[in-house]
Amino acid sequence: ERAARASHSDREKQLRAAILETEQQRRELDSRLWLLEERRKQDLAEFSQLRIDFSSADKARVEAEGRAKETAKRLQDKEKQGQDLERDVVRLKERAAEVLAQLHARDE
């Protein structure tokens, strides 16, 4: 009977030790899980900020491309206006030469 009680007492001690060890492991796992959750929250916040930054940069890029196209179009329009003005100047010079020739012919 003594041996049975001692054996029973040993088993209880082993069970308590196993329970304590299991509880300690659970606390460690809970702590790791908490750290992982905190890291995940930080990563999500960082990702969200990066997405906002990317969207802002992409919007700025699209706006800059639009302004560049507008500027190129204005430049092209100005070049065309310059060519039209050059043609007008040539025509006016030709017309002026004709008028001068007519005036000169009348005077003779």
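Residues numbered from 1 in each chain as written. Predicted model: local features only at pLDDT ≥ 70, side-chain atom pairs only at ≥ 80, totals over all residues. Heavy atoms only, no water.

(A) The arrangement of the overall build of the protein chain in detail. Scanning the protein chain from N- to C-terminus turns up one helix and zero strands. Against the compact-globule benchmark of 13 Å for 108 residues, the protein chain has a radius of gyration of 46 Å, which places it well outside the compact range. For the protein chain, the spread of C-alpha atoms along the three principal axes comes to 155 × 15 × 10 Å. A buried classification covers 0% of the 108 residues belonging to the protein chain. Entry remark: accessible area of the protein chain is about 10,400 Å², with carbon and sulfur atoms responsible for 57%. For the protein chain, the distance from the average site of its 25 positive side-chain charges to the average site of its 25 negative ones is 6 Å. (Helix = DSSP H or I, 4+ residues; strand = E, 2+ residues; numbered from the N terminus. Rg over C-alpha atoms; globule rule 2.2 N^0.38 Å. Buried < 20%, exposed > 50% of the residue type's maximum accessible area, 1.4 Å probe, protein only. Areas by Shrake-Rupley, 256 points an atom, 1.4 Å probe, with all protein chains shown as cover. Lys, Arg positive; Asp, Glu negative; His and termini not counted. Charge placed at Lys NZ, Arg CZ, Asp CG, Glu CD.)

(B) Looking closely at a nonpolar patch on the surface. Residues Val99, Leu100 and Leu103 make up a contiguous nonpolar surface patch of roughly 250 Å² in combined accessible area. Topologically, Val99 is positioned in helix α1 (residues 2-107). (Patch = residues over 30% accessible without salt bridge, like charges linked within 9 Å, V, L, I, M, F, W, Y side chains within 5 Å. Salt bridge = Lys/Arg side-chain N within 4 Å of Asp/Glu carboxyl O.)

(C) Expanded view of the pattern of salt bridges. Scanning the model with the defined rule gives 14 salt bridges in all. Note that Arg61 is salt-bridged to Glu65, the shortest N-O span being 2.8 Å. Of this pair, Arg61 and Glu65 both sit in helix α1, four residues apart, which is roughly one turn of that helix. Members of the salt-bridge network, linked through shared partners, are Glu23, Arg26, Arg27 and Asp30.

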